[in-house]
Amino acid sequence: MNKKRVIVLAAVTFLSIIAYTQTSGFLEPNQRSALVVLIVASGLWTSEAVPLAATAILIPLMQSVMGIQAFSSALTPFFSTTVMLLLGGFMLAVAVEKYDLDEYFAFLILSRFNTGAKTVVLAVMFATGFLSMWISNSASTALLIAMALKITDQIKDEKGNFSKIMVLAIAYSATAGGLSTLVGTTTCAMAAASLKTMIGYDISFLGWMVFGLPIAFIQILVIWVVLFMIFPTDVTEIPPIERPNGGLSGNQKLTMGIFLFAVFAWITGKLPGPIANAIGWAGHGYSSSMVAATILVLLYFTDLIEDRDIRNGKWSTLLLIGGGLSLGKALEVTGLVDVISDVLMNLTAGGSPFVAITIVVVAGLGISIIASNTASAGIFLPIAIGLGQKIGFSPVILAVAVGISTSLDFMLPVGTPPNAIAYSTGRVTMAEMIKAGILLDLVGAIVTITFAYLIWPMLI
């Protein structure tokens, strides 16, 4: 073992022993056991002393050993409908990347905006955000940053700021775009899954977009303004973007067809009341997870993906999601989530919804700066839902706020994969990322809190 792992494991063990022995006066035995699981999971996830997926597997194992749940029950969340939803989304992204369809999408959007530098940057950002709604934000970032660097290498950039703007704009807009859909980033899917598991609330694919898309749109515009403000540039014009060689191949057309089917099927699963009444159709009624399973079958039946492609399906992320949902179930079945909610309620000025929203947004964003956003969501989602029930405020709003805020970090390379990709280009320093990111984190938190308090209650 390396030194960091030994230190973290010793610290987590010590804190767990203290927590278990010192809470016997006001916690039941199973609640004390759940508290130990929470401490271990939080400590290992936050420090990343061991692989995140390993901690996720440890969670159901500890529950079984400590008598919280049967091992089979603790493992159930590892193949929930949310896991199927994300697996279908991940494999669709694999097919899109495999046949370079993402590059074609990027050209379609960017080729229509090739005049001024600021216009092109904004077009690149919306292209990245759109791609990140449906495929991996890492993939969309890597693709468009490669294209952006080709562009910036062809222009005279005396201050060197335009290349900084381009790489950060792409990374940040990929993060923002992922907030728009249930397959855009894992924390959104986890929020929907936690609501379904804990209170039986089923949020549709389009229903999530109503919450997330406005936040993403505003955040992209804010990123655009902030980056040009922090990094002034003399670049005003850029060369036109070249079309990818040749037309679409047969596999590309087939992938395009399945991609368009996926978008349509996900959006029309359950239409909002006003739209359903206007067109006389409430949607096809199949869940987003069933659509994802259908997509997966179609990809295999058409030979677009093969067995060897399944390794690219981000299994460690799926394990991490299962661990987070299993942790939430442990807190729920033992009643520990109610105890924690009681403590938080005392901090909300008598149950103030505004204070509750602020607490979960700031806490979720704060932890995600130094830890995995998926792990942060796994820790805070059950607590946020329990807090909403305790103070009589919509747990849906608090869960959505956690799902979004835990994916809003723009400060550090370790915060999100897009941030790491941008930093790896060597065009931007850590100090420059922090300078831009801290302002964007603050704005993102304010925007999310404002929408959650003023707008979202009208959408429930």
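All values reported here derive from a predicted model rather than from experimental measurement.

Caption draft 1: View of the overall build of the chain. What the chain contains, in helices and strands, is 21 helices and zero strands. In terms of overall dimensions, the chain is globule-like: its C-alpha atoms have a radius of gyration of 22 Å, near the 23 Å expected for 460 residues. Along the longest, intermediate and shortest principal axes, the C-alpha atoms of the chain span 70 × 50 × 50 Å. Per-residue burial over the chain gives 58% buried out of 460 residues. Long-range contacts, defined here as pairs at least 24 residues apart, represent 77% of the contacts in the chain between residues at least 6 apart. Roughly 18,600 Å² of accessible area belongs to the chain as shown, and the carbon and sulfur atoms make up 65% of that amount. Of the side-chain charges in the chain, 22 are positive and 23 negative, and the distance between the mean point of each set is 2 Å.

Caption draft 2: Main features of the pattern of salt bridges. In total, this model carries five salt bridges according to the counting rule given. Residue glutamate 432 pairs with lysine 164 through a salt bridge whose shortest N-O separation is 3.7 Å. A residue pair is termed long-range when its members are at least 10 positions apart, and glutamate 432 in helix H21 (residues 430-455) and lysine 164 in helix H9 (residues 161-177) qualify at 268 residues. Since its relative accessible area comes to 12%, lysine 164 is described here as buried. One salt bridge in this structure joins glutamate 332 and lysine 329, with 3.7 Å as the shortest N-O distance. Placement of the pair is glutamate 332 and lysine 329 together in helix H15 (residues 315-334), with a separation of three residues, close to one helical turn.

Caption draft 3: Inspection of unusual backbone geometry at higher detail. A positive phi angle, close to 60 degrees, is found at aspartate 303, a residue other than glycine. Here aspartate 303 is to be found in the loop between helix H14 (288-301) and H15.

Caption draft 4: Region of interest: the environment of threonine 82. Along the chain, threonine 82 turns up in helix H5 (residues 81-98). Sequence separation between threonine 82 and glycine 200 is 118 residues; the distance between their C-alpha atoms is 14 Å. Look past the residues within four positions of threonine 82 in its chain and what remains in contact with it is Ala189, Met190, Ala193 and Ser289.

Caption draft 5: Inspection of a nonpolar patch on the surface at higher detail. On the surface, Val210, Phe354, Tyr453, Leu454, Ile455, Met458 and Leu459 cluster together into a nonpolar patch covering about 640 Å² of accessible area. Counting residues per element, the nonpolar patch draws most heavily on H21, which supplies three residues. Tracing the backbone through its elements, the reader meets leucine 454 in helix H21.

Caption draft 6: Fine view of the packing of aromatic side chains. Following the criterion strictly, the structure yields nine aromatic pairs and no others. Aromatic pair tryptophan 134 and phenylalanine 205: ring centres 5.9 Å apart, planes at 15 degrees, arrangement stacked. A residue pair is termed long-range when its members are at least 10 positions apart, and tryptophan 134 in the loop between helix H7 (117-132) and helix H8 (137-152) and phenylalanine 205 in helix H11 (residues 205-230) qualify at 71 residues. For phenylalanine 205, a relative accessible area of 1% gives the class buried. Pairing tryptophan 134 with phenylalanine 259 gives two aromatic rings, centres 6.4 Å apart and planes at 80 degrees, and the pair type is edge-to-face.

Caption draft 7: Summary view of helix H20 (residues 417-424). Along H20, the positions that sit buried rather than exposed are Pro418, Asn419 and Ala422. For H20, the angular spread of the buried residues around the axis is 100 degrees, confining them to a single face. Against H8, H9 and H21 lie the buried residues of H20. Downstream of H20 by a residue or two, glycine 426 has a phi angle that is positive, lying close to 80 degrees.

Caption draft 8: Inspection of the environment of glycine 88 at higher detail. Within the secondary structure layout, glycine 88 lies in helix H5. Take glycine 88: its relative accessible area is 0%, and that puts it in the buried class. In this structure the C-alpha to C-alpha distance between glycine 88 and tryptophan 208, which are 120 residues apart in sequence, comes to 18 Å.

Caption draft 9: Seen up close, the packing of H7 against H11. Where H7 meets H11, the axes come as close as 11 Å, and the angle between the chain directions of the two elements is 145 degrees. The chirality of how H7 crosses H11 is right-handed. On H11, the residues touching Lys118, Val121, Leu122, Met125, Phe126 and Gly129 of H7 are Phe217, Ile220, Leu221, Ile223, Trp224 and Phe228. Here the contact of H7 with H11 is built from residues that sort into ten nonpolar, one polar and one charged.

Caption draft 10: Representation of the confidence of the model for the chain within the structure. Across the chain, the average pLDDT comes to 86, with 94% of residues at or above 70. The least confident element of the chain is helix H6 (residues 101-110), whose mean pLDDT is 70; the most confident is helix H19 (residues 395-405), at 95.

Caption draft 11: Layout of the nonpolar core. With 155 residues, the main nonpolar core has Trp45, Leu168, Tyr172, Leu227, Trp266 and Trp456 as its most contacted residues. Top contributing element to this core by residue count: H11, with 13 residues.

Caption draft 12: Summary view of the side chain of asparagine 161. Locating asparagine 161 in the fold gives a position in helix H9. Reaching out from asparagine 161, the side chain makes a polar contact with the backbone oxygen of proline 232 at a distance of 2.7 Å. Once residues lying within four places of it in the same chain are set aside, the contact partners of asparagine 161 are Phe231, Pro232 and Thr233.

Caption draft 13: View of the side chain of glutamine 252. Note that glutamine 252 resides in helix H12 (residues 250-267). On the basis of relative accessible area, glutamine 252 is assigned to the buried category, the value being 13%. Other than its neighbours up to four places away in sequence, glutamine 252 contacts Tyr99, Asp100, Leu101 and Gly247.

Caption draft 14: Representation of the packing of H7 against H8 in the model. Where H7 contacts H8, the two axes come as close as 8 Å, and the packing angle between them is 150 degrees. Taken together, the axes of H7 and H8 are roughly antiparallel relative to one another. The hand of the H7/H8 crossing is right-handed. Facing Val124, Ala127, Thr128, Leu131 and Ser132 of H7, the residues of H8 in contact are Asn137, Ser140, Leu143 and Leu144. In terms of residue class, the contact of H7 with H8 is made up of five nonpolar, four polar and no charged.

Thresholds, definitions, all that
Residues numbered from 1 in each chain as written. Predicted model: local features only at pLDDT ≥ 70, side-chain atom pairs only at ≥ 80, totals over all residues. Heavy atoms only, no water. Helix = DSSP H or I, 4+ residues; strand = E, 2+ residues; numbered from the N terminus. Rg over C-alpha atoms; globule rule 2.2 N^0.38 Å. Buried < 20%, exposed > 50% of the residue type's maximum accessible area, 1.4 Å probe, protein only. Contact = heavy atoms within 4.5 Å. Areas by Shrake-Rupley, 256 points an atom, 1.4 Å probe, with all protein chains shown as cover. Lys, Arg positive; Asp, Glu negative; His and termini not counted. Charge placed at Lys NZ, Arg CZ, Asp CG, Glu CD. Salt bridge = Lys/Arg side-chain N within 4 Å of Asp/Glu carboxyl O. Patch = residues over 30% accessible without salt bridge, like charges linked within 9 Å, V, L, I, M, F, W, Y side chains within 5 Å. Phe/Tyr/Trp six-rings, centres within 6.5 Å; stacked < 30°, edge-to-face > 60°. Arc of directions from axis to C-beta. Axes fitted to C-alpha atoms, helices over the stretch in contact; angles between N-to-C directions. Left-handed = near helix turned anticlockwise from the far one by under 90°. Nonpolar A, V, L, I, M, F, W, Y, C, P; charged D, E, K, R; others polar. pLDDT = per-residue confidence, 0-100. Core = buried A, V, L, I, M, F, W, Y, C linked by side-chain atoms within 4.5 Å. Polar contact = N/O pair within 3.5 Å; in protein donor to acceptor, adjacent residues only side chain to side chain. Parallel < 35°, antiparallel > 145°, perpendicular 65-115°, else oblique.

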